[in-house]
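Structure assessment
Letter by letter, the chains look like this.
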Amino acid sequence: SKGLKRHKWNKAIEKHMKLMRMWVLERKAINLVHKLQLLNAVQLTLKRPYPKDEILMAAFDKAILVASRAGFFQDAALAAAHAARAVEKPMTKLDYATFAQQAYNKWGALGVVRHLAENELLHREAADQSDPHLSSKFMGALRSKDRLRESSSRIISELQR
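Every chain's residues receive numbers from 1 upward, in the order its sequence appears when written. Where totals are concerned, whole chains, interfaces and linings use all residues; where local detail is concerned, this predicted model gives features only for residues with pLDDT of at least 70, and gives and counts side-chain atom pairs only at 80 or more. With hydrogens and water set aside, each side-chain value is computed from the structure's full complement of heavy atoms.

Topic: the overall build of the protein chain
Where helices and strands are cited, they refer to DSSP runs of H or I of at least four residues and of E of at least two residues respectively, numbered from the N terminus. If you tally the helices and strands in the protein chain, you get eight helices and zero strands. Listed N to C, the secondary structure of the protein chain is α-α-α-α-α-α-α-α in terms of helices and strands. The buried label goes to any residue with under 20% of its type's maximum accessible area, the exposed label to any with over 50%, and the partly exposed label to all in between, with areas taken from a 1.4 Å probe on protein chains only. Residues counted as buried form 40% of the 161 residues belonging to the protein chain. Note on areas: Shrake-Rupley, 1.4 Å probe, and residue coverage restricted to the protein chains presented here. Of the accessible surface of the protein chain, which amounts to about 9900 Å², a share of 58% is contributed by carbon and sulfur atoms.

Some points on the packing of helix H1 (residues 2-27) against helix H2 (residues 33-45)
Each pair of packed helices gets described by two things: the angle between the helix axes and the distance between those axes. In this analysis an axis means a line fitted to C-alpha atoms, helices contributing only their contacting stretch, and an angle means the value between N-to-C directions, from 0 to 180 degrees. Relative orientation of the contacting elements H1 and H2 amounts to 155°, with a least axis distance of 10 Å. Here H1 is positioned roughly antiparallel relative to H2, judged by the angle of their axes. Handedness of the H1/H2 crossing: left-handed. Residues Asn-10, Ile-13, Glu-14, His-16, Met-17, Met-20, Arg-21 and Val-24 of H1 form the contact with H2, whose participating residues are Val-33, Lys-35, Leu-36, Leu-39, Asn-40, Val-42 and Gln-43. Amino acids outside the nonpolar list (Ala, Val, Leu, Ile, Met, Phe, Trp, Tyr, Cys, Pro) and the charged list (Asp, Glu, Lys, Arg) are all regarded as polar, and Gly is one of them. Class assignment of the residues belonging to the contact of H1 with H2 gives a composition of eight nonpolar, four polar and three charged. An angle below 35 degrees is treated as roughly parallel, one above 145 as roughly antiparallel, one from 65 to 115 as roughly perpendicular, and anything else as oblique. What makes a crossing left-handed is the near helix being turned counterclockwise from the far one by less than a right angle; a clockwise turn instead makes it right-handed. Residues count as neighbours in contact if any of their non-hydrogen atoms are within 4.5 Å of one another.

Some thoughts on unusual backbone geometry
Backbone geometry follows two general trends: most residues other than glycine have a negative phi, and most peptide bonds adopt the trans configuration. Even without a glycine there, the phi angle at Lys-28 is positive, about 55°. Secondary-structure assignment places Lys-28 in the loop between H1 and H2.

Some points on the pattern of salt bridges
Basic side-chain nitrogens of Lys or Arg form a salt bridge, by our definition, when they fall within 4 Å of a carboxyl oxygen of Asp or Glu. Under the criterion given, the structure shown has two salt bridges. The partner of Glu-14 in a salt bridge is Arg-21, and the shortest N-O contact between them spans 3.7 Å. Residue class for Arg-21 comes out partly exposed when judged on its relative accessible area of 34%. Lys-89 is the partner of Glu-54 in a salt bridge, and the nearest nitrogen-oxygen pair spans 2.8 Å. Of this pair, Glu-54 sits in helix H3 (residues 53-70) while Lys-89 sits in the loop between helix H4 (73-86) and helix H5 (90-107), and the two are 35 residues apart along the sequence.

By themselves, these are just geometric observations and shouldn't be taken as functional.
In structure tokens:
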């Protein structure tokens, strides 16, 4: 059943990516490039076996960088939020989650920022009960403005390599 749903989503994504590629190439719809890259990254999350973090990070980072540079902060935030759910390394999840919050904040979606902070914290605490230090680090880092700057700087510096 899950395999069938995954196949269905994969077909829908592929259909929309084909249409977007045509728009970008034929109609020069440059404001869709980052959305095409986001769909590509999301499509990777549907693959089995599940891709390694480095592959997912490269795909999501492209979408985040292009969306940010073009001023589509809501789409950069969406890509970062998806990446936070997709990767497995706790600190990488944290980097993406804080970047998503920062981008949504810059876009002015303060309700989304609060929602993400509350739900991500609750999720992190539940997931990391075996390591109370990790969940308290997560809470402190989300509240820290320096951490927000560090996470966005890390993502941008990795993309520029």
